[in-house]
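Structural characterization, general
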Amino acid sequence: MSRGSSDERLAPPSEPVPPRRAGLCSGGCAMSHAVAPGTPPLITVDKVCKRFGDNAVLREVSTQFHAGQVTVIIGASGSGKSTLLRTLNRLEVHDSGRIVVDGVEVNDDAKNLDALRAEVGMVFQQFNLFPHLTALENVALAPRRVRKLSREQAQLRAGELLERVGLKDHRHKHPFQLSGGQQQRVAIARALAMQPRVMLFDEPTSALDPEMVKEVLDVMKALARDGMTMIVVTHEMGFAREVGDRILFFDRGCIACDAPPIDFFDRQDNERIRAFLGQVGR
Ligand SMILES: Nc1ncnc2c1ncn2[C@@H]1O[C@H](COP(=O)(O)OP(=O)(O)OP(=O)(O)O)[C@@H](O)[C@H]1O
Ligand SMILES: [Mg+2]
């Protein structure tokens, strides 16, 4: 579990650390996906603010995410990582600023919301599978209900997706018959079944026993290799370094650093971030 006491790892500064944009190339990244100059972003986040009561959780966050890129978000507990992910698909409503996903404004317009939910897949720390449905039925459910596929079509596609995440032989099992890693892979297949343009992962391996972390990360790596746009909140620094095109470091509701992995990990000159990395183990 990554939740807990990492707040104390960073001594609170008087002001958030100003964003640092490293313009150096990401040559050290094992899986880098270049963005052609002038390519419009898939997601634009512009001066987004979110408060819970007195707690300013997102403070004028502005950034962009490009198609095909893997962004890894890290930062102390409570810094706003999950809240940002949740605002991207309207699980959380932002107070001000704009979010645009593939040309669709994220707001309360029901039409936009339907379009948004179809474009954005999300995988959580807890798998949230329906316990009374098999793996196959869990994956086939949304395409049948939302995309109006026939039972046969939905199950055919679900079977293909379960094979893609290495669960071909487990399709007829119920969640209680599957390990945590297997359940999380079903959850990934379920999100993919809606054919999203972007996948959001919020600490997908944090609830898993260590021996199951790799099988889930391997599925995520394969997705990245296939060109899926991914935004991943994780404390798996090896994954961040190997798969991330870009690391965003959150500090008290602000993006304190936005850099390619090699700069973030090996050329980091921000003392607070260096201390954080020392704690989580890079
Ligand atoms: N629904 C909510 N109601 C009130 N406060 C909330 C709510 N959701 C989040 N918060 C608060 O917002 C802040 C940011 O929470 P968030 O979950 O985004 O942090 P995080 O960076 O994802 O942390 P962690 O690494 O622990 O998951 C925290 O102080 C949290 O307590
Ligand atoms: Mg979180």
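Residues numbered from 1 in each chain as written. Chains lettered and ligands numbered in written order. Predicted model: local features only at pLDDT ≥ 70, side-chain atom pairs only at ≥ 80, totals over all residues. Heavy atoms only, no water.

Moving on to the nonpolar core. Among the nonpolar cores identified, the biggest contains 53 residues, and Ile188, Met199, Met230 and Phe264 are the most heavily contacted of them. No other element matches the 8 residues that helix H6 (residues 210-225) contributes to this core. Look past the residues within four positions of Phe264 in its chain and what remains in contact with it is Ile74, Ile247, Phe249, Cys257, Ala259, Ile273 and Leu277. (Core = buried A, V, L, I, M, F, W, Y, C linked by side-chain atoms within 4.5 Å. Buried < 20%, exposed > 50% of the residue type's maximum accessible area, 1.4 Å probe, protein only. Helix = DSSP H or I, 4+ residues; strand = E, 2+ residues; numbered from the N terminus. Contact = heavy atoms within 4.5 Å.)

The antiparallel open sheet is built from 4 strands, whose spatial order is E2-E1-E4-E5. Lying at the two open borders of the sheet, with one neighbouring strand each, are strand E2 (55-65) and strand E5 (104-105). Examined bridge by bridge, strand E1 (residues 43-52) and E2 share 7 bridges and lie antiparallel to one another. Residue pairing for E2: Thr44 is matched across the bridge by Gln64. (Pairing = 2+ DSSP bridges.)

Here we come to the side chain of Thr229. Within the secondary structure, Thr229 sits in strand E8 (residues 229-233). For Thr229, the side chain forms a polar contact with the main-chain oxygen of Arg197, separated by 3.5 Å. With near-sequence residues (within four places) excluded, Thr229 lies in contact with Leu42, His66, Ala67, Gly68, Gln69, Arg197, Val198 and Met199. (Polar contact = N/O pair within 3.5 Å; in protein donor to acceptor, adjacent residues only side chain to side chain.)

This paragraph deals with the packing of helix H3 (residues 135-145) against helix H5 (residues 180-192). Where H3 meets H5, the closest approach of the two axes is 8 Å, and the angle between their N-to-C directions is 25°. By the criterion of interaxial angle, the relationship of H3 to H5 is roughly parallel. Seen from above, H3 lies across H5 with right-handed handedness. On H5, the residues touching Ala135, Asn138 and Val139 of H3 are Val186, Ala189 and Arg190. Of the residues that constitute the contact of H3 with H5, the class distribution is 4 nonpolar, 1 polar and 1 charged. (Axes fitted to C-alpha atoms, helices over the stretch in contact; angles between N-to-C directions. Parallel < 35°, antiparallel > 145°, perpendicular 65-115°, else oblique. Left-handed = near helix turned anticlockwise from the far one by under 90°. Nonpolar A, V, L, I, M, F, W, Y, C, P; charged D, E, K, R; others polar.)

Glancing now at the site of ligand 1. Every one of the 13 residues lining ligand 1 counts as a neighbour, but Ser77, Gly78, Lys81, Ser82 and Thr83 are closest to it. Here an oxygen atom of ligand 1 sits 3.1 Å away from a polar atom, N or O, in the main chain of Ser79. Between Glu203 and ligand 1, the recorded distance is 3.5 Å, taken from a side-chain N or O atom to an oxygen atom. For the shell around ligand 1, the elements supplying multiple residues, two or more each, are E2 and helix H1 (81-88). Here the shell around ligand 1 gets 3 residues from one element, more than from any other, and that element is H1. (Near = heavy atom within 4 Å.)

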